[in-house]
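# Residue-level structural notes
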Amino acid sequence: MGAKPMEPAPAAAEGQAAASESPTVAPTAEIELKLAATAEMLAQVRRSAVVASAGTPVRKHLDTVYYDTADRRLARRRAALRVRRSGKRYIQTLKTEGELVGALAARGEWESPIRGPDPDLSVITDPDARAVLGVILPGDLAPVFATRFARETRLIDVGGGGAPAAQIELALDDGRIETLSRKDPICELELELKSGSPAAVFDLARRLVAEIPLSIAVRSKAVRGYDLADGRDPSAVRAGDLDIGSQAPTASAIDRILRHCVDHWTANHEVVLQGVDPEGVHQMRVGLRRLRSAVSLFKSVLPGEPAGWLRSEARWLAGALGPAREWDVFLSDLLAPVETAHPGRAELSVLRLLAEEEKTRGYAAAQAAARDRRATDFLLRFGAWLADGGARSGTEDARTQSLDRPIAELAANLLDRRHQRVLKMGRGFAGMAVERRHALRIELKKLRYAVDFFAGLFPGKAARSYRRALARLQDHLGHLNDVAVAERMLTALIEQHASGTRDAAGLGLASGLVLGWHTRAVADSEPVTCQDWAGFAAVRPFWTRGRVE
Amino acid sequence: MSGPLTVLVANTKGGCGKTTIATNLAGAFAAAGLTTALADGDRQGSALGWLKRRPEGAAPITGLDWGKEDGRAPRKVARLVVDAPAAMRIKRAEALIKLADVIVLPVLPSPYDEAATARFLKRIEDLKPIRKSRTAVAVVGNRLRPRTRASTRLDAFLDDIGHTVVTRLRDSTLYAETAAKGMSLFDLSTRRAAATRQDWSPLLHAVEAVV
């Protein structure tokens, strides 16, 4: 909401439901992306060759007040009403974003000059706009927040020398968001395509990121303003449902799925930076894992070029989030129950202290990686690739044909393959060695992601019971893995403190206590785990029924 | 959401002010510049009669005759108000409730009305959209002054069955005067009308809050 929606780039997925489906990209869609900066970085941007050569910028001071009802009706209806002061003039703008009330699905913008700083709805007569506003009674609207910032814009011509030509508007915004009691700085840059190839916007952004460590920005100014006014922290976002439609050509289905995963990642970016809600790190990592899993799922139809960097960059970023997540799980799922059972044991307190330290280090590393320009560049590279045609780009004839066929055909085959693989690896489940269980767990996770990606293609009971059986089994094997991971982490922790001044023996004892406790619990739950395996192995695949010839 | 925001004005008991509330709600929507339709579910067609009397310059409202069976709102309608028939079979009530985003339930401060209201609420509360809280129910006290004995008793009664009054509409001759001319309180610019309109704010807020 607020700033212009950006398509098809994920970099500025506007609004918070970034992990929900995105509308298909229309050729005329506006391309706009946003990057976070510091004042020093904005100065560097001004000095960079490509920007400096664009000549003198146009400078404006923008003073804007956003209005809504006490129950935030406009925000709920994905609309924003603002009055912007420009010298002595006041401009009122109502912006809406799809999915409206009253049988309308319009994305609209209504702008008109008004006499004073207060909104004047009488100038809005378009029924589409009125339908969004609904009945607004005198006194219903009140200021929610204001944005006050200096904006510097430059038109930059890129291309030539073989690269496609394009004109891009670069805006540098420096100022703040204000409510009655709070303030939040605005320091960001926005790139908007004026003419030419959409990929050019991403290319220019990548050139800047190569020089200056700009980072990903997800929330629009309007979303940030509402969050500030209502005292809301950005909250962790789950993957959400994906419905690609069985008739969708394979190529666009792949684009949708990859974008869905990337949106899942970026939607949690600011939660990770906030560093409060552990769910943010978890969800961001899941998004990246799903992305890797999707790339490997489609390896037969995806060219090696994007597949290679998609996989390696996602692995790097997910890896950087690993310790934060692992210590979170250790503290809450493994250590806490043992503490409850042994109140007042000093050794456990020492372990908690050290684990909390590790967790803090893990969070710092996770935040550094999320802010790292490598992450920014990864996202921009993905955006450029999508804008350039995505899965369909750079295709040879042999692949083109399969990319045009409906996704449902490929989906059934891929699900079949992953399902068969799991069954094969699960033979002799009861007496299986730990390492083989782990390998099976990973394969199950891949199957689970594939099932999630294609779930929308196969509605019905069969798919639901399949997913239930799968989830149950994963739960048990997941705990088994947590214990194995904890053993690795604790071994490293003990080594690290072996010659330290802290109580090394106590640490060893506490670690043994925790591992012993949970190893026993895993052993106790073995019959149930075996039952769950049998339950899964017996469940009927759901895709045979929905399979398209 | 697809389709218009739909308000169903219903109660099994006749004479509780359904048509007054339906026509004034439609008038409020139309005055706010919203594309509005008013569906008359009653064979007597008093809501449609009101529309026939509506003067030329007034904010437009499309009339729909649902006396025999329920139809559909024309495309582009942003707000649909349905004036339900007094005696509805459960099947019809179910169909109308399924259509509605909000049910407005007018009650008069009388023991007869209370009993009828309690029966009606009990009947509809088991219907899926209401059970699953997809449809809101707004009870409106009609011809009711706050802090009177009748009003206090009605509050106690509603509290008993788990509801509260969203608003109380005062008894005013303005309703009869405007109805006779096919108008609503929202078509008038007098100070008296503005004061009486205040009663409607909580209801309009409640209706707009559902989407």
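Residues numbered from 1 in each chain as written. Chains lettered and ligands numbered in written order. Predicted model: local features only at pLDDT ≥ 70, side-chain atom pairs only at ≥ 80, totals over all residues. Heavy atoms only, no water.

## Quick word on the domain arrangement of chain A
Residue and element names in this part refer to chain A.
- What the domain assignment lists for chain A is domain 1 (32-232) and domain 2 (264-544).
- One C-alpha centre belongs to domain 1, the other to domain 2, and the line joining them spans 37 Å.
- Opposite the 19 residues of domain 1 that make contact, domain 2 presents 16 residues.
- Three residues stand out in domain 1 for area buried against domain 2, namely Phe202, Arg206 and Ile216, and they jointly supply 44% of the buried area on that side.
- At the boundary of domain 1 with domain 2, the tally comes to two salt bridges. (Domains from an automatic or database assignment. Contact = heavy atoms within 4.5 Å. Buried area = accessible area lost by both parts, 1.4 Å probe. Salt bridge = Lys/Arg side-chain N within 4 Å of Asp/Glu carboxyl O.)

## As for the interface of chain B and chain A
- At the junction of the two partners, chain B supplies 20 residues and chain A supplies 17 residues.
- The contact between chain B and chain A buries some 1500 Å² in all, and 55% of this surface belongs to carbon and sulfur atoms.
- Our count for the chain B to chain A interface comes out at nine residue pairs in polar contact (both at pLDDT 80 or more).
- When residues of the side of chain B that touches chain A are traced back to their parent elements, those giving at least two are α1 (18-31) and α9 (201-208) of chain B.
- Each residue belonging to the side of chain B that touches chain A can be placed in one class, and the counts come to 12 nonpolar, five polar and three charged. (Polar contact = N/O pair within 3.5 Å; in protein donor to acceptor, adjacent residues only side chain to side chain. Helix = DSSP H or I, 4+ residues; strand = E, 2+ residues; numbered from the N terminus. Nonpolar A, V, L, I, M, F, W, Y, C, P; charged D, E, K, R; others polar.)

## Considering unusual backbone geometry
- Of note, arginine 72 of chain A is a non-glycine position whose phi angle comes to about 55°, a positive value.
- Turning to its location among the elements, arginine 72 of chain A is positioned in the loop between β2 (58-68) and α3 (73-76).

## Describing α9 of chain B
- By the burial criterion, the buried members of α9 of chain B are Ser201, Leu203, Leu204, Val207 and Glu208 of chain B. When α9 of chain B is viewed along its axis, its buried side chains cluster within an angular range of 165° and face the same direction. (Buried < 20%, exposed > 50% of the residue type's maximum accessible area, 1.4 Å probe, protein only. Arc of directions from axis to C-beta.)

## Remarks on helix α12 (residues 373-387) of chain A
Residues and elements named next belong to chain A.
- Taking 1.5 Å per residue, 15 residues should reach 21 Å; α12 reaches 20 Å between its end C-alpha atoms and fits that length.
- What α12 keeps buried is the set Ala375, Thr376, Phe378, Leu379, Leu380, Phe382, Gly383, Ala384, Trp385 and Leu386.
- The N-cap of α12, judged by a side-chain oxygen 2.7 Å from the amide nitrogen of arginine 374 a few residues on, is aspartate 372.
- Just downstream of α12, glycine 389 is the residue with a positive phi angle, here 120°. (Expected span 1.5 Å × (residues − 1).)

## Re the environment of glutamine 92 of chain A
All names here are of chain A.
- Locating glutamine 92 in the fold gives a position in strand β4 (residues 89-96).
- Linking glutamine 92 and valine 123, residues 31 residues apart in sequence, is a C-alpha distance of 9.2 Å.
- Apart from residues lying up to four places away in sequence, glutamine 92 is in contact with Leu81, Arg82, Val83, Trp110, Glu111, Ser112, Ile114, Pro119, Asp120, Leu121, Val123 and Ile124.
- Among the polar contacts made by the side chain of glutamine 92, one reaches the main-chain amide nitrogen of aspartate 120 at a distance of 2.7 Å.

## Points about the sheet that holds strand β5 (residues 102-107) of chain B
Residues and elements named next belong to chain B.
- Ordered in space as β3-β2-β4-β1-β5-β6-β7, the seven strands form an open sheet in which the pairing is parallel. Edge positions in the sheet fall to β3 (61-65) and β7 (165-168), since each has one partner strand and no second. In this sheet, neighbouring strand axes are inclined to one another by 25° on average, regardless of whether the strands run parallel or antiparallel.
- Pairing between strand β1 (residues 5-9) and β5: three bridges, direction parallel. Its bridge partner being in β5, valine 7 is matched across the sheet by valine 102.
- Helix α4 (residues 111-125) rests against β5 and β6 (136-141) of the sheet, and its axis sits at about 160° to β5. (Pairing = 2+ DSSP bridges. Axes fitted to C-alpha atoms, helices over the stretch in contact; angles between N-to-C directions.)

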